[in-house]
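Structural overview
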Amino acid sequence: MKSLVLWSEKLLEYDLGNHPLDPVRVELTIALARDLGLLDRPGVTVREPVAATDEELLRVHRADYLHAVRVAPDDPFFRGYGLNTPDNPVFDHMHEASALVAGASLAAARAVYSGEVTRAVNVSGGLHHAMPARASGFCVYNDPAIAIADLLAAGAQRIAYVDIDVHHGDGVQEIFADDPRVLTVSLHESPMTLFPGTGFPTEVGGPAALGTAVNVALPPGTRDRGWLRAFHAVVPSVLRAFRPQLVVLQAGADSHQLDPLANLQLSVDGQRAAAIAVRDLADELCGGKVIATGGGGYALMQVVPRTWSHLIATMTGDPLDPATLTPPSWRALARKRFPDQDPPQRMTDDADVGFEPWQPGVGQDPLDRTILATRQAIFPYYGLDPMDARD
């Protein structure tokens, strides 16, 4: 198997300043993956991306928005398009940095679709909240949507987008709401308690593509076992019915219990299990073809580098043993970046990720009601029985 990792230090220039989305999390991820030997595995290529062109960006974003992104950093009083807000402050070379992130996801998608590699990873990407003419949720250009639009232009007919970020993948869902060639699946904290306030089970796609938006809105406090039960009660059945040609995975790490911006309670081990589950479905359904991006994640040193190094391992070969020690060289860099924190010693939180499969009528807690609500909203579009655990 061949795989591709998109990386350049220039990707760290997507920097919103004194802001939760700190590029140090990407720097520490690549450093940890490198020190663990993941980038030197057989069949792995590390490639520098090039920025997306205006033509490529315009497959998703409006021309006036691209102009705004270019000019906003030079105008301290700029308002509009969601820019120059606390969530999306402007910064120098904002267009160039954002276009480079998009270019990395484009390169990943093209390498997988062409058959050059089986899997590709861009941990700097996953900016899933950006809308065609509006920045949102720390996201300027929607790189997953740009990559998907490029694949559609190249002739792809069935793309499954699976979003495991703690926040609803609203931008990607909205952009492809009426396109039956794109299935968007999002597992996220309930919109009743978390930004962006969308992602209810009743959001099932536009009139021309009913059933192609799948939303699992998890109660605050959901842990590994509950998250994995919900995933396996919904996602495999829908993906098998949809029969994707490839999978785009947005692997936000902000579902972790230490994340300061959300309220799910997953462990690094649970997040590792989620990435493996998506990879296994791709192996079953579409020859293993996965384009993986990062996303959210604001426990910058304690969580994100380990979770995304597990993601890189899963996409480039065998998953890492959770008991693997973090290398001393990486710990030294982590201490340098965060002098007041002790770096994690191992690649695990010592969590048990076993779970009980969902069964109809067994358990009436909020999580099981969430699972049933999604199945009832979506399964009939695919000829599946929401009440049959075999579907």
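In this text the structure is predicted, and so the values were computed from the model without any measurement.

Reading guide: rules and limits
Residues numbered from 1 in each chain as written. Predicted model: local features only at pLDDT ≥ 70, side-chain atom pairs only at ≥ 80, totals over all residues. Heavy atoms only, no water. Pairing = 2+ DSSP bridges. Helix = DSSP H or I, 4+ residues; strand = E, 2+ residues; numbered from the N terminus. Axes fitted to C-alpha atoms, helices over the stretch in contact; angles between N-to-C directions. Parallel < 35°, antiparallel > 145°, perpendicular 65-115°, else oblique. Contact = heavy atoms within 4.5 Å. Nonpolar A, V, L, I, M, F, W, Y, C, P; charged D, E, K, R; others polar. Buried < 20%, exposed > 50% of the residue type's maximum accessible area, 1.4 Å probe, protein only. Phe/Tyr/Trp six-rings, centres within 6.5 Å; stacked < 30°, edge-to-face > 60°. Expected span 1.5 Å × (residues − 1). Arc of directions from axis to C-beta. Salt bridge = Lys/Arg side-chain N within 4 Å of Asp/Glu carboxyl O. Right-handed = clockwise from strand over helix to strand, strands pointing away. Core = buried A, V, L, I, M, F, W, Y, C linked by side-chain atoms within 4.5 Å.

1. Looking at the sheet that holds strand S2 (residues 44-47)
- Judged by pairing direction, the sheet is parallel, and its eight strands sit side by side in the order S2-S1-S3-S8-S7-S4-S5-S6 without closing on themselves. Every other strand in the sheet has two partners, leaving S2 and strand S6 (213-218) as the edge strands with one partner each. When strand polarity is set aside, the average angle formed by the axes of neighbouring strands in this sheet is 15°.
- Bridge analysis of strand S4 (residues 159-163) against strand S7 (residues 246-250) gives five bridges, and the strand direction is parallel. The partner of Ile159 across the bridge, within S7, is Leu246.

2. Observations concerning the packing of helix H7 (residues 224-242) against helix H11 (residues 366-378)
- The contact between H7 and H11 brings their axes to 10 Å, and the two run at 10°. Classified by the interaxial angle, the pair formed by H7 and H11 is roughly parallel. Mapping the contact onto sequence places Gly226, Arg229, Ala230, Ala233, Val234 and Val238 in H7 and Leu367, Asp368, Ile371, Thr374, Arg375 and Ile378 in H11.
- Within the contact of H7 with H11, the residues separate by chemical class into seven nonpolar, two polar and three charged.

3. So, the environment of Ala241
- If you trace the backbone, Ala241 turns up in helix H7.
- Take Ala241: its relative accessible area is 29%, and that puts it in the partly exposed class.
- Considering only alpha carbons, one finds Ala241 and Asp178, 63 residues apart in sequence, at a separation of 18 Å.

4. Some thoughts on the packing of aromatic side chains
- What the rule picks out here adds up to five aromatic pairs.
- Judged by centre distance (6.0 Å) and plane angle (85°), the rings of Tyr65 and Tyr141 are edge-to-face. Here Tyr65, found in helix H3 (residues 63-71), pairs with Tyr141, found in the loop between strand S3 (119-122) and helix H5 (143-153); they are 76 residues apart in sequence, far enough to count as distant.
- For Tyr65, a relative accessible area of 0% gives the class buried.
- You can call Tyr141 buried: its relative accessible area is 1%.
- Counting every residue linked through ring pairs, the aromatic cluster contains Tyr65, Tyr81 and Tyr141.

5. Notes on H11
- End to end, H11 covers 18 Å across 13 residues, agreeing with the expected 18 Å (1.5 Å per residue, within 8%).
- Those residues of H11 not exposed but buried are Leu367, Asp368, Thr370, Ile371, Thr374, Arg375, Ala377 and Ile378.

6. A word on H3
- Looking at H3, one finds that the buried residues are Tyr65, Leu66, Ala68 and Val69. The arc enclosing the buried residues of H3, seen along the axis, measures out at 160°, which places them on a common side. Facing away from the buried surface of H3 by more than 90 degrees, the exposed residues are Ala63 and His67.
- Packing partners of the buried residues in H3 comprise helix H2 (54-57) and helix H4 (94-114).

7. Section: the pattern of salt bridges
- Enumeration over the complete set of coordinates arrives at 16 salt bridges.
- Glu27 is the partner of Arg337 in a salt bridge, and the nearest nitrogen-oxygen pair spans 2.7 Å. Pair noted here: Arg337 is in helix H10 (residues 328-337) and Glu27 is in helix H1 (residues 24-35), with a separation of 310 residues, a long-range link.
- On the basis of relative accessibility, which here comes to 33%, the residue Arg337 falls in the partly exposed class.
- Arg279 is the partner of Asp280 in a salt bridge, and the nearest nitrogen-oxygen pair spans 2.8 Å.
- Asp280 gets classed as partly exposed once you look at its relative accessible area, which sits at 36%.
- The network of salt bridges with common partners includes Glu56, Arg59, Arg110 and Asp150.

8. A short note on the pairing of strand S5 (residues 182-189)
- Burial within S5 is extensive, with eight of its eight residues counted as buried.
- In terms of strand pairing, S4 meets S5 through five bridges, oriented parallel. Bridge pairing links Ile159 to Val182 in S5.
- After leaving S4, the chain enters helix H6 (residues 170-175) and then returns to the sheet as S5, a path that is right-handed.
- Where S5 lies against S6, six bridges are found, and the strand directions are parallel. Residue Ser186 lies in a different strand from S6, and its bridge partner there is Asn215.

9. A short note on the nonpolar core
- Of all hydrophobic cores here, the largest spans 131 residues; its most connected members are Trp227 and Leu249.
- Here the element with the most residues in this core is H4; it accounts for 12 residues.
- Filtering out sequence-adjacent residues up to four positions away, Trp227 remains in contact with Ile164, Leu187, Leu218, Thr222, Leu264, Leu266 and Ala274.

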